[in-house]
Structure formats: C-alpha cells, structure tokens
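# Structure at a glance
Residues per chain, in single letters:
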Amino acid sequence: MSRLVAQPQHIVVIGNGMVGFKFCEKLVAKAQPGTFQITVFGEEPRPAYDRVHLSAYFSGTTAEELTMAPVEWYAQNNINLHLGELVTSVDATTQTITTHKGESISYDKLILATGSSAFVPPINGVEKEGVFVYRTIEDLDAMLEYAPKARTAAVIGGGLLGLEAAKAAVDMGLTTHVIEFASRLMPRQLDEAGSEMLKRKLESLGISIYLNKSTTAILGEPGVEKMLFADGSELNVDMIIVSAGIKPRDELAIKAGLAVGPRGGIMVNDNLQTSDANIYAIGESALHGGMIYGLVAPGYDMADTVVTNLLGGEKTFKGFDMSTKLKLIGVDVASFGDAFASPATSRSIVFEDKAKGIYKRINISEDGKYLVGGILVGDAGNYNMLLQTVQNKIILPQDPEDLILGSRGGASESAGAGVMSLPDEALICSCENVSKGDICSSVTDGTCTDVAGIKKCTKAGTGCGGCVPMVNDLLNATLKQMGKEVKKVLCEHFDYSRQELLDLVKVNNIRSYDELLHSHGRGDGCEVCKPAVASIMASTWNELILKQATIQDTNDRYLANIQKGGTYSVVPRIAGGEITPEKLIVIGQVAAKYGLYTKITGGQRIDMFGARVDQLPDIWEELINAGFESGHAYGKSLRTVKSCVGSTWCRYGLHDSVGFAIQVEERYRGLRSPHKLKGGVSGCVRECAEAQSKDFGIIATEKGWNLYICGNGGAKPQHAQLFATDLDTETCIKYLDRFLMFYIKTAEPLNRTATWLNKMEGGMEYLRQVIVEDSLGICADLDREMQFMVDTYACEWKEVVNNPELRQRFQHFINTPEPDPSIRFKPERGQKVPVV
Amino acid sequence: MIQTPPSADRLAAVSFWFKAAEVSAFPENGGACVKYQDQQIAVYHFAKRNEWYASQNLCPHKQQMILARGLIGDQCGEPKVACPFHKKTFSLLTGENLNGECYHIETYPVKIEDGYVYIGLRD
C-alpha cells in the first residue's frame, strides 16, 4: 500500500495495563501532534488501573481511585480506546490484527503490552469453587462476594504478591494462612534471617505461615473444604487464593509466530523489538536477557525506550535493578542492589533486633569502598538513601555500619550527609526516570514550591510513590539552600503556620475570617484554611460558631454529625456517662417521635441517627426543654470525658471518678481545638475508664490523682504518658488548663495531642517545664485564657432554637420548605437505616 | 447582568432561566440548594468576587446530595467547592474534579436580575 508522506503512523497497542497506559502517556507527551495515530485494545472492561496498589481496594479505595486516567483522557489525546475487546490474532506479514468482534485493523508498529496472568500450579481440585487468583479488579470483586461465606483462607505463595493477597484476606476479616513451597518468604527478595523476621512479624499479626510446604490436592464438594500437602499434613480452609507467580501473556505472540522463551515470554532485543522488527513487546510479557520483569518501574522504562526509538531517538533497555520497597500488612520490607551478595566478593554487616522485629543487612564490596546491596525488614526508613548509595557508587564513610545503625558520634558525624550529597544524576524516581537534578532545578527555577507541584511538573513520585519522602527532603533542602525558610504554611491562601495565625488574630484583634483573609491572606480561601481559622477564632474569642457559618466544616455549620444519605445524628451530652432514668426516657421519646435509629456510642453516650436537617432545631428544642444540651460529637472540640463507676459504688474505687469526670467535661465542653479531644477518669488503678488511651487521663491514687496526657486510640493508638502524680483536684485542673491551652495555641491543624507531643523538641520533659515550672513565663496567660473560655461558654444549640433567623437556615432547599426527597430508609433489626 | 462568565457555547445552550430565589436568601461565601422540578442545584455566592456559580447538588464520588453544604474557595484562582463528605473538590468553572480523579459535575450559568438569582438550564 502506498501512502502519502504526511499521513500519521498508526500505532496499535495491545493491552491497557499500567505499562500499556504509560506507553500512551509518554508517546502523546513527547510526539508532535499528528505524527501518530494511536489505537489501544484492552480486554478488561475498564481503562488501565493501578495494580500495584490493588490491595487498597479491600480497605475502601474505589476502582475509580485506582484508575490511571479516565476514558475521557484517551479521547482528549485522540487515542482510539477499545475496552472489553480481545485481540485474537496478529498477522505480521500483512501487518494487521483481528479482534474477537471480527474487526481487522492494520498497523505500522504494534506494541504488545499484554502483561501477565496468574500462574496456577496444576494441583488436583484447583478448579473448585472458592479458589481464586489475585490479579484484576474482577478477581477482587469475586473474592469479596465469596468471602462472607468463608471464615478461613489460605494463600498459595509466600512471595511479594502472595503476601499482598494475604493482606487482602486479613482485610476481609478471614483467618489467614500462607503456604510457601520454598524454605523462606519472599525468596526473591529476602535471605533466611530476613524471612524469619518477617515471618515472626506476620505471625504476631495472626497470620499462620507454612514454609517448605507443597500443596498436592484441594478437597471439598462443591466448594473448597480442605487442602492436602506433600508431607501428609492437611488444613481445613473455606477459600484459597493462588498467588504463586506470574505467567507472561504470550499466547498471541506464539500464534503470530514470534519467538518466545522456553519458559514463556516474548523475546525482545535491547530496543524491545520482537523477532518481527515492527512489533515491540513491553512490560511483564517481554522476555529481555532471559528475565521477565514483574515490577512496574522496569515496565515504564521499557515504555520510555520504545517511545524514544519511535521518535527517532536512541535508547536501549539494559536490564533493570529489581530493588523494591513495600509495606506488607504494616511491615516494611525492602531489598536493593545485590541483596544476596556472596561472601566471596563482599562482606555483610547485619543488625538484628528480635524484640522490635527489625532486620537490616548491607553488603559491602570487598575493598570496603562501595555498598552493593542489602535487605531491610521492619524498618526501611533509609531505603532510598541506601539505594542511591548503591546506584551512584558513593564512597562509603569509614564506619559503614552507621548507614543502618545511625551515627553514634565519633569521627564520622557526616555519615550519609543526607540527600543533598547525591550527585545530580542520581535517579530519585525510577518509575518515571526523574533525577535529583531534575527535581532540584524545578525548585530553583521557581516552577515548583511544593511536593504537589514537583509531582505535577516532573512526574516524580507519581508511579509507585516510594520516592515521595525523598522528593520532600530534596524540596526542603533545596529551599533551605536558596535561603528560603521552610515553614509549615496553612495552605495556598496563608503564608503562615497555624500558631502564627493564632497570634496574629489575637494581637490584631481580628474577629472574622474575611478580615484575616483580607489583611494576611489572598484568594478566596479553601476547605483547609476556613475550618482551621474557624477553630482559631473559636479558641480565641469563643463567639457563637454560627456567626461565621460558611467557614465551618459541615458538622459545625449544622451543629450535628452528618451521616450517609445526608441526614444528621444528634448525641445529647451525657457528661461522664451519668444519666437519670427520666432523661433516658426523654431520649427514647424523642427518638421514637422523630423515628430515629439509636445506638450507644463508644464514649458513653446515646446517638440518634437519621434526623433531617430541618428537624434538628425541633429535636434540640425538646432536648433542651428536658434539661439536656445536644453534645459535641462533632467538630474539633472536646468530645467526652469517660468515667468508670468510681468510689460511690465500686468496692475498689478510691475517689469519685464520675463526679470528677462530670466536672472536667463541663469545664471544657465546647472548647475548640486543633483536633478532637477526649478524656477519661478512672477511680483506681484497674483503669476501667481506659483513661490512658485519651488525650488526658486521670487515675485515682491513694493520695490524689495521677495525670496522663497525649494518648489516643484510633488508627495509630498511642498510650498517654504519665505527666504528674498524686495531684489534688485543683492542681490537676490547673495543669489540664495549661496543657490544653498550650496545645491549642501551638499545634498544627488536625494534629492530635499525641502527634503534637511526638513532634515537640524536648518532649514530655519540656512540656513539664512549661506547665509546671513555667519556664516560658506564659502560665498566667494560659490560666487566664482558659478561664475566659470556661466563663464565656454558651449552648450553641439553644442559640439556634431561640433565634428565628438562625433557625431558618436549617432547611434543605432555599426555595421551598420541603425536605430532601432523595433521603430513603429501609428497616434493619427493628430500626431504620439509610439506603444509599 | 451575567455574574459568572461562562463560555459562549454554554450560554447558547441555555434554553431558559429559572428564577430561584432572592439574592438575600443565599448565604455569602457559601452554598445553598435550589429545587427545580426533580433537580437539586447547588448555588454558590462568592461575595468577595461578586460572582455566582451553580452545579449539581450530587457529589459523584459517593452519590451524596450534599455539595451545597460544602466549603467553597479557590485553587490558584479557580473557584471550587469541596464536598463535605470526603473533601473531594470540583472546579466551578469546568465541573472537573481537582483531586485528579475521573468524575466531574455539571455546572450551570447564573445571572442576577432585579435582586433575584436565575440559573441557566437546558431542556
């Protein structure tokens, strides 16, 4: 076929996985418009998604969030995307492909990015119901559907993917077993000792690990019930996930007569060309130098190589470092460079702490000059730096053990002088091929001022994300070199930290957000600075929250907790958890009258769900008339002060913990703070109020009260630390006042007290000096400021109930009083729950 | 007077202007929800810029009828709304999600006449 010179080359890409997508992205970014016409075939029903973070799907990340780019992106870039369409044959002589729909298309260049499928070993019974592979979102959906019927799951394969699958099984709430054929976990990345450490860690999390175990049969009718092993043992399971390795998708290449390896994989040269020069293979289907690369970074590098060559440039793929770092079920695991360097050519330094579950090994060249590789388990904090040290052949310091132990003083203080000691060519983001020089110059030339900007303009950190901490370090170090102060500014609208803004508000007597934005900020504000400033205003002036309703987060704007479906829940304050029978009856009556779902909360209160926004003032009115106030179960404010039974009833109680809890809760109710605050008071050392898991916990002793501070439950639990012992009630309150006010004035937004303390230089000892010994000379201020808060407290719900103008704001539509017609409920266990 | 500068083709697509409510009924620097037949439309008043925007009330992330109750503001000058549920933000000029995710919202032109807010709708 003859054609005009100006006609664009037709590139056909088979496969729309991460690498296939990356190829398209790189090609459209680098090619002149009109040089290429691109057609993509993907057999899955959805566009390319992030398979590296697939396990996040089990902890709530949606398929959309995993998507690399939406369908519209392909259209915007003139890419003809065919989803759910399988290419069934390639004819290399006529340069055409045919799909299962019978469509034929000719190509100038063909890119095979067909990826891999799960390798399923030929085990008897592997076809049974309840056996899954872990590869696509459809696989995950099938597992999620089956999991409710199962209690235990076994994962066949203890490699990287197998352990990811084990995490998925744990996330689905299943008792999880991992079966590995080899003598260690992650045999490609870890040595015996590293595997042993990982195994202990995973076992402590409740996962059973079996090594040297080969599955011979799967029994059960119709679904999985039992596994049999070669050593004669057996295991009862309800579900099996096979994750024993990958198999390159080379069937199309074989059919087309392209050369493949003896154990699969499409053979390619250094330009990623297959045995047909017009056909390329990239990603997990390509066999280069006898290697299949099952990681995303080499796949991206292959895509870049082909794009460069198509555009007339010169680049060859020279193999790829298989270094990798990941977090497996909360455990850091990394392996870099030559992880298993033989003792003949190198020596190893090993650090092991079995109590903490940390194993570190570094391999050093025989002459002691260079780092060649290593393994990290339990703490991979310095992975990036170590990897850079290997890749850039940085001369090691005199005491190379400092690399894993940290400097212990002495002559080699400069060991690993940080990121800035790297050469400019050092590759920081291996997924996107971004060097240290690229990142630093994007900062020095003024293009980027934050990590988000660097990600956008250099693409660093947008692949696996592993280099983001290093990008951040580079950013800060570069800014510092430029003489710019690296400070924690609130957002793009204010060049101040929260603490600075609080001082400005106070010193300049600024009473509104608009005033502050006008005098010290720019733009229109955003969802970060508005609530932060609202909190500052409340902590300083303690005026009615609804005076500035539109800068409040939605719960503060409507003084209740928003729930699924757009209704709210109301949680009357029950200070210390003490309530009279009469009041209990009122809560029941109100809930019944408005048809609310009721539940006991974790903070000794009763939550009533399903109130429409227009019902809120009516509900509050009834509660207030019965002597209640609605409570702060929302907002960055004091929630509850939990108490145990205390000395009035309990035979062990030393003091009246209930009375004290009520006193403390009433003192700090309505107090706005950088994050929520929770407290607890226990009447004796048995600690039934769990006060040590709170921001402040008070525990009775023979002589008074012990005060614990800066603890929290939640995602990252941390115990509160003992601050002072045997205090009388008055001193205890005084210290609490100062502690809370100091926290309010100095913490960053959304930092709980524990995080605040963790970042504080000098830690608890410093805090004790400030609060007890008044080392900063601010205690009189702190005392006065807290007393002002206590004295000016007003019930914010009562204000709404009694103010017709405020009350008017509590309706869904502005142009009609009718409620939101989209709210729907269904019955469940005798109550109503939202339909969403 | 057109308060939001929409592109010419968007204005051309308006087949009629729905008279929503008086200007004074809307909060300053915040959103409010307007009902038109079966539709819920969120209207936002940027008082400092003296600009008005409107979008669908449904947040496409978790299908919640809620955007009118979100915080408004700007990202590098581009007006936006943040959904109160999970803080997904959307441009009020283009309706595009600004967190790099692939859903977007419908936006509508707004005009102010004789103290009333009008929303430009299509059939």
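Since this is a predicted model, take the numbers as computed values, not measurements. (Residues numbered from 1 in each chain as written. Chains lettered and ligands numbered in written order. Predicted model: local features only at pLDDT ≥ 70, side-chain atom pairs only at ≥ 80, totals over all residues. Heavy atoms only, no water.)

Another aspect to go through is the overall build of chain B. Regarding its fold elements, chain B presents 1 helix and 12 strands. Each helix and strand of chain B, placed in order from N terminus to C terminus, yields the pattern α-β-β-β-β-β-β-β-β-β-β-β-β. Within chain B, the fraction of its 123 residues that count as buried is 58%. Long-range contacts, defined here as pairs at least 24 residues apart, represent 46% of the contacts in chain B between residues at least 6 apart. Surface summary for chain B: the accessible area is close to 5,100 Å², and the carbon and sulfur share equals 48%. (Helix = DSSP H or I, 4+ residues; strand = E, 2+ residues; numbered from the N terminus. Buried < 20%, exposed > 50% of the residue type's maximum accessible area, 1.4 Å probe, protein only. Contact = heavy atoms within 4.5 Å. Areas by Shrake-Rupley, 256 points an atom, 1.4 Å probe, with all protein chains shown as cover.)

Glancing now at helix α16 (residues 529-541) of chain A. All names here are of chain A. Taking 1.5 Å of rise per residue, 13 residues should cover 18 Å, and α16 covers 18 Å from first to last C-alpha, within 8% of that figure. Of all 13 residues making up α16, 13 are buried, and the element is well covered by its neighbours. Positive phi shows up at Asn-542, right after α16, with a value of about 55 degrees. (Expected span 1.5 Å × (residues − 1).)

It is worth spelling out the pattern of salt bridges at this point. All names here are of chain A. In this structure the tally under the stated criterion is 52 salt bridges over all chains. Across the pair Glu-25 and Lys-459 runs a salt bridge, and its minimum N-O distance is 3.6 Å. With Glu-25 in helix α1 (residues 18-30) and Lys-459 in the loop between α12 (451-458) and α13 (468-481), this pair connects stretches of sequence that are 434 residues apart. Through salt bridges with shared partners, a single ionic network connects Lys-22, Glu-25, Lys-26, Lys-30, Asp-301, Asp-304, Lys-315, Glu-432 and Lys-459. (Salt bridge = Lys/Arg side-chain N within 4 Å of Asp/Glu carboxyl O.)

All names here are of chain A. With antiparallel pairing, 5 strands are arranged side by side in an open sheet as β22-β23-β26-β25-β24. Strands with a single pairing partner mark the edges of an open sheet, and in this sheet they are β22 (324-328) and β24 (346-353). Direction aside, neighbouring strands of the sheet carry axes that sit 10 degrees apart on average. Here β22 pairs with strand β23 (residues 331-337) via 5 bridges, running antiparallel. When the sheet's bridge partners are listed, Leu-328 is paired in β23 with Val-331. (Pairing = 2+ DSSP bridges. Axes fitted to C-alpha atoms, helices over the stretch in contact; angles between N-to-C directions.)

Quick look at helix α8 (residues 296-310) of chain A now. Residues and elements named next belong to chain A. Helix length check: α8, at 15 residues, gives a terminal C-alpha distance of 21 Å against a target of 21 Å (1.5 Å per residue), a fit within 8%. Of all 15 residues that make up α8, 15 are buried, and the element is covered over most of its length. Downstream of α8 by a residue or two, Gly-312 has a phi angle that is positive, lying close to 90 degrees.

What follows deals with the packing of aromatic side chains. Using the criterion set out here, one finds 23 aromatic pairs over all chains in the structure. Taken together, a centroid distance of 6.2 Å and an interplanar angle of 75 degrees make the contact between A:Phe494 and A:Tyr513 edge-to-face. With A:Phe494 in the loop between α13 and α14 (498-507) and A:Tyr513 in helix α15 (residues 513-520), this pair connects stretches of sequence that are 19 residues apart. Here A:Phe494 matches A:Tyr513 in class, with each residue buried. Both rings, one in A:Phe742 and one in A:Trp756, keep their centres 5.8 Å apart while their planes meet at 70 degrees; by these two values the pair is edge-to-face. Of this pair, A:Phe742 sits in helix α21 (residues 729-746) while A:Trp756 is found in helix α22 (residues 753-759), placing the two residues 14 residues apart along the sequence. A:Trp756 carries the same exposure label as A:Phe742, and that label is buried. Grouping aromatic residues by their ring pairs yields a cluster made of A:Tyr558, A:Tyr568, A:Trp620 and A:Phe810. Lying over the aromatic face of B:Tyr118, B:Lys111 brings its terminal NZ or CZ to 5.7 Å of the ring centre. (Phe/Tyr/Trp six-rings, centres within 6.5 Å; stacked < 30°, edge-to-face > 60°. Lys NZ or Arg CZ within 6 Å of the ring centre and 35° of its normal.)

All names here are of chain A. For strand β36 (residues 704-709), the buried fraction is high: 6 of the 6 residues fall into the buried class. Relative to β36, strand β35 (residues 696-701) runs antiparallel, the two sharing 6 bridges. Its bridge partner lying in β36, Ile-699 is registered against Asn-706. What sits between the antiparallel neighbours β35 and β36 is a turn of 2 residues. Across 4 bridges, the pairing between β36 and strand β37 (residues 721-727) is antiparallel. Bridge assignment links Trp-705 to a residue of β37, and that residue is Leu-727.

Our next topic: unusual backbone geometry. At the junction of A:Glu221 and A:Pro222, the peptide bond is cis and its omega measures out at -5 degrees in the coordinates. Among the structural elements, A:Pro222 can be located in the loop between β13 (215-219) and β14 (226-229). A positive phi is found at A:Lys459, a non-glycine position, where the angle reads about 75 degrees. Here B:Cys76, not a glycine, exhibits a phi torsion of approximately 50 degrees, which is positive. Locating B:Cys76 in the fold gives a position in the loop between β7 (71-75) and β8 (78-82). Given a relative accessible area of 71%, B:Cys76 falls into the exposed group.

By size, the foremost hydrophobic cluster in this structure holds 75 residues, and its most contacted members are A:Ile14, A:Phe23, A:Val90, A:Ile97, A:Leu110, A:Leu112 and A:Ile282. Considering every element that reaches this core, the biggest residue donor is α8(A), with 8 residues. Taken domain by domain, this core gets at least three of its residues from each of domain 1 (9-115 + 249-311) and domain 3 (418-486) of chain A. Here A:Phe23 is in contact with A:Ile11, A:Val13, A:Ile111, A:Ile282, A:Ala303, A:Val306, A:Val307 and A:Leu310, once residues within four sequence places are set aside. Of all hydrophobic cores here, the second largest spans 53 residues; its members include A:Ile545, A:Tyr793, B:Tyr44 and B:Cys83. (Core = buried A, V, L, I, M, F, W, Y, C linked by side-chain atoms within 4.5 Å. Domains from an automatic or database assignment.)

Next up on the list: the interface of chain A and chain B. In this complex, chain A contributes 40 residues to the contact, which on the side of chain B involves 44 residues. Together chain A and chain B conceal approximately 3,100 Å² of surface at their shared face, both sides included; 51% is due to carbon and sulfur atoms. Interface area lost by chain A to chain B is led by A:Asp524, A:Glu527 and A:Ile814, which between them contribute 22%. Remark: the boundary between chain A and chain B carries 5 salt bridges. Ionic pairing is found between B:Lys35 and A:Glu818, a salt bridge with its closest N-O pair at 3.5 Å. Going through the elements one at a time, α2 (63-66), α15, α16 and α17 (554-558) of chain A are the ones with two or more residues in the side of chain A that touches chain B. Per-class residue counts for the side of chain A that touches chain B are 13 nonpolar, 14 polar and 13 charged. (Buried area = accessible area lost by both parts, 1.4 Å probe. Nonpolar A, V, L, I, M, F, W, Y, C, P; charged D, E, K, R; others polar.)

Parts of the prediction with low pLDDT should not have their coordinates interpreted in detail. All names here are of chain B. Here chain B averages 90 in pLDDT, and 93% of its residues register 70 or above. Between the elements of chain B, mean pLDDT differs from a low of 72, seen in helix α1 (residues 8-13), to a high of 97, seen in strand β3 (residues 39-46). Both confidence scores are given for the complex: pTM 0.56, ipTM 0.93. (pLDDT = per-residue confidence, 0-100.)

Our next topic: the packing of helix α20 (residues 657-668) of chain A against α21(A). All names here are of chain A. Orientation of α20 relative to α21, taken along the N-to-C sense of each, is 35 degrees, at an axis distance of 12 Å. Classified by chirality, the crossing of α21 by α20 is right-handed. Of the residues in α21, those touching α20 at Phe-660, Gln-663, Val-664, Arg-667 and Tyr-668 are Thr-729, Cys-732, Ile-733, Leu-736, Asp-737 and Leu-740. Here the residues of the contact of α20 with α21 are counted per class, giving 7 nonpolar, 2 polar and 2 charged. (Left-handed = near helix turned anticlockwise from the far one by under 90°.)

This paragraph deals with the environment of A:Asn212. All names here are of chain A. Position of Asn-212 among the secondary structure elements: in the loop between β12 (208-210) and β13. The sequence separation of Asn-212 and Ile-179 amounts to 33 residues, and the corresponding C-alpha distance is 8.2 Å. Asn-212 has contacts with Glu-180, Phe-181, Ala-182 and Ser-183, leaving out every residue within four places of it along the chain.

All names here are of chain A. Residues given the UniProt feature "binding site: siroheme" (unreviewed entry) here are Cys-688. With respect to the helices, strands and loops of the structure, Cys-688 is situated in the loop between β34 (677-682) and β35. Taking the relative accessible area as the measure of exposure, Cys-688 reaches 55% and is therefore exposed. Aside from chain neighbours lying at most four places away, what touches Cys-688 is Cys-644 and Ser-682. (UniProt positions renumbered as here; feature names shortened; annotations may be inferred.)

Residue and element names in this part refer to chain A. The topology assignment puts Glu-432 in the loop between β27 (427-429) and β28 (434-435). Within polar-contact distance, the side chain of Glu-432 engages the side chain of Lys-22 at 2.4 Å. Not counting the four nearest positions on each side in its chain, Glu-432 is found in contact with Lys-22, Glu-25, Lys-26, Tyr-300, Lys-459 and Thr-462. (Polar contact = N/O pair within 3.5 Å; in protein donor to acceptor, adjacent residues only side chain to side chain.)

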